[in-house]
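A structural walkthrough
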Amino acid sequence: MHPSSSSNIPQEKAKLVVIPDLVADCPFVLHLNINDKKAGAQSDSWLSTHGNLSAKKQTALRGLRCGLLTEMTYPDAWAPQLRTCCDFLSFLFHLDDLSDGMDRRGTLSTREVVIGSICDPTFETDAPVGRMAKDIWRRIAVSASEGTKVRFIDTFDRFFRAVAQQAVARHAEMVLDLDAYIALRRDTSGCKPCWALIEYANGLNIPDHVMAHEAVDTLGEAANDLVSWSNDIFSFKVEHARGDTHNMIVIAMRTMGLSLQDSIDYVGELCTASIERFLEAKRRLPSFDQGGRVDHDVALYTRGLEDWIVGSLHWSFESTRYFGAEGRGIKKTRVVELARTSMRVQLE
């Protein structure tokens, strides 16, 4: 991290930017879950009620289209698992929105309530986030393997700790260097507990030593990078408008001296490279039990990561979270119009 010495990077010359065609570059086929078309609406109602959402936030939740994201990223889940995954994704976006206004103490306090509600059956809380976490965990714990449960809790905990670090940087008006950002983004993305839900949604029971294998670990990391970094591109318009610097495009501008368009292109190239890294790791996968149950489960887990990669790309243009009602048009033209503001980026 570097101390801030604010300087304006004018946007008048870069009001229109072109984003890379990551959907066309993606080699994976989009699948949709057809087991429960009501899961999204039921999940929206669940979060609205248990999260005490205002009318404005309920409108934003409907525009989020978390049900569609879940259908695209867990296409083989049966109805009960699909609904639980949908609730978790809605909950994760809710936590992400809450954390934007929190400092480190507030984030860690939320972590204590959420993780405590999951890990400690005797933990009592009236906080809505605690009650929702307990409800989701109760359903996951019924059928998830022990390894899956450990991975879910560990990675969800790391999400909160990373978001707390992000809050420190935001409060200090600091911009991370590229390597530090990449390491932190892999946890602030919230992807890792979603990968554990691939196991849960498909009834997988993959041994710990297999999940720790270099090729399997690289598959998860490369998928995380693609989802996280493509999200930095898609969310840049919104984050640019509010001056948020936890974005790889900003990091590239700051650390590499690139223009805004060149930074977007650079992050797009990293996204493409992450898919190639995923494919290379897939080719390195060994047989763990000569075509038995473990190999079968690893194949389903790998496909689940592929579903997340392609599903997240398509969903980003269907949701109103990043492009409002313009998503489908931007998906075709790839041209994004930024607000007529100046973005403050910390420079040495």
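This structure is a prediction, so every number in the text was calculated from the model and none was measured.

Criteria and cut-off values
Residues numbered from 1 in each chain as written. Predicted model: local features only at pLDDT ≥ 70, side-chain atom pairs only at ≥ 80, totals over all residues. Heavy atoms only, no water. Helix = DSSP H or I, 4+ residues; strand = E, 2+ residues; numbered from the N terminus. Buried < 20%, exposed > 50% of the residue type's maximum accessible area, 1.4 Å probe, protein only. Contact = heavy atoms within 4.5 Å. Patch = residues over 30% accessible without salt bridge, like charges linked within 9 Å, V, L, I, M, F, W, Y side chains within 5 Å. Areas by Shrake-Rupley, 256 points an atom, 1.4 Å probe, with all protein chains shown as cover. Salt bridge = Lys/Arg side-chain N within 4 Å of Asp/Glu carboxyl O. Polar contact = N/O pair within 3.5 Å; in protein donor to acceptor, adjacent residues only side chain to side chain. Phe/Tyr/Trp six-rings, centres within 6.5 Å; stacked < 30°, edge-to-face > 60°. Expected span 1.5 Å × (residues − 1). Axes fitted to C-alpha atoms, helices over the stretch in contact; angles between N-to-C directions. Parallel < 35°, antiparallel > 145°, perpendicular 65-115°, else oblique. Left-handed = near helix turned anticlockwise from the far one by under 90°. Nonpolar A, V, L, I, M, F, W, Y, C, P; charged D, E, K, R; others polar. Core = buried A, V, L, I, M, F, W, Y, C linked by side-chain atoms within 4.5 Å.

1. Describing the side chain of N231
Of note, N231 is situated in helix α12 (residues 214-234). Under the relative-accessibility criterion, N231 is labelled buried at 18%. Not counting chain neighbours up to four residues away, the residues in contact with N231 comprise R185 and Y322.

2. Quick look at the side chain of E71
Turning to its location among the elements, E71 is positioned in helix α4 (residues 66-73). The residues contacting E71, other than those within four sequence positions of it, are H31, L32, N33, K37 and L82.

3. Quick word on a nonpolar patch on the surface
Residues L16, V18 and V335 make up a contiguous nonpolar surface patch of roughly 230 Å² in combined accessible area. As for its placement among the helices and strands, V335 is situated in strand β3 (residues 335-337). On the accessibility criterion, V335 (36% relative accessible area) is partly exposed.

4. Brief notes about helix α14 (residues 248-256)
Within an α-helix, residues lying three or four positions from one another point in the same direction, as the helix has 3.6 residues per turn. A large share of α14 lies buried, amounting to 7 of its 9 residues. Taken together, the buried positions of α14 are occupied by M248, I249, V250, I251, A252, M253 and R254. Two to three positions downstream of the cap, the backbone nitrogen of I249 sits 2.8 Å from a side-chain oxygen, assigning the N-cap of α14 to N247. The first or second residue beyond α14 is G257, which carries a positive phi of 70 degrees.

5. Details of unusual backbone geometry
We note that E173 has phi near 55 degrees; this positive angle belongs to a residue other than glycine. With respect to the secondary-structure elements, E173 resides in the loop between α8 (146-171) and α9 (178-188). Phi is positive for Q290, close to 55 degrees, though the residue is something other than glycine. Here Q290 is to be found in the loop between α15 (260-284) and α16 (293-318).

6. Structural notes on the pattern of salt bridges
Tallied over the full model, the rule gives 31 salt bridges. Between R111 and D157 there is a salt bridge; the shortest N-O distance is 2.5 Å. With a gap of 46 residues between them, R111 in helix α6 (residues 104-119) and D157 in helix α8 connect regions that are remote in the sequence. For D157, a relative accessible area of 14% puts it in the buried group.

7. With respect to the packing of aromatic side chains
Under the defined criterion, the tally for this structure stands at 15 aromatic pairs. Where F156 meets F159, the ring centres are 6.1 Å apart and the plane angle is 25 degrees; that geometry is what we call stacked. Within this pair, F156 and its partner F159 are both found in helix α8, separated by 3 residues, close to a single helical turn. Residue classification places F159 among the buried residues on the basis of a relative accessible area of 3%. Considering the side-chain rings of W315 and Y322, the 5.9 Å spacing of their centres and the 90 degrees angle between planes classify their relative orientation as edge-to-face. Take W315 and Y322: they sit in the same class, and that class is buried.

8. Details of helix α2 (residues 39-50)
Between its first and last C-alpha, α2 extends 16 Å over 12 residues, near the 16 Å set by a 1.5 Å rise per residue. When α2 is considered as a whole, its buried residues turn out to be A39, G40, S43, D44, W46, L47 and S48. Here the buried face of α2 lies against α3 (55-64), α4, α5 (79-99) and α7 (128-143).

9. A few points about the environment of P27
Tracing the chain through its elements places P27 in the loop between α1 (22-25) and α2. C-alpha separation for the pair P27 and L178, spaced 151 residues apart in sequence, amounts to 27 Å. Discounting chain neighbours no more than four positions away, the residues touching P27 are I275 and L279.

10. Observations regarding the packing of helix α10 (residues 191-201) against α12
Close contact between α10 and α12 brings their axes to 10 Å; oriented N to C, the two are set at 125 degrees. Relative to α12, α10 is oriented oblique. When the axes of α10 and α12 are compared, the crossing they make is right-handed. Residue-level contacts link C191, K192 and W195 of α10 to G220, A223, N224, V227 and S228 of α12. Residues that form the contact of α10 with α12 fall into these classes: 4 nonpolar, 3 polar and 1 charged.

11. A short note on the packing of α2 against α5
Viewed as axis vectors pointing N to C, α2 and α5 meet at an angle of 45 degrees, and their least axial separation amounts to 9 Å. Considering their axes alone, α2 and α5 lie oblique with respect to each other. Handedness of the crossing formed by α2 with α5: right-handed. Contacts between α2 and α5 pair A39, G40, Q42, S43, W46 and L47 from the former with L82, R83, C86, D87, S90, F91 and H94 from the latter. Taken together, the residues that form the contact of α2 with α5 break down as 6 nonpolar, 5 polar and 2 charged.

12. Side note on the nonpolar core
Judged by nonpolar contacts, the single largest core of 101 residues is most densely connected at Y74, F156 and W195. Take this core: its biggest share by element is 10 residues, from α16. In this structure Y74 touches N33, L82, C85, L89, C194, L197, I198, A201 and W308, once residues within four positions along its chain are discounted.

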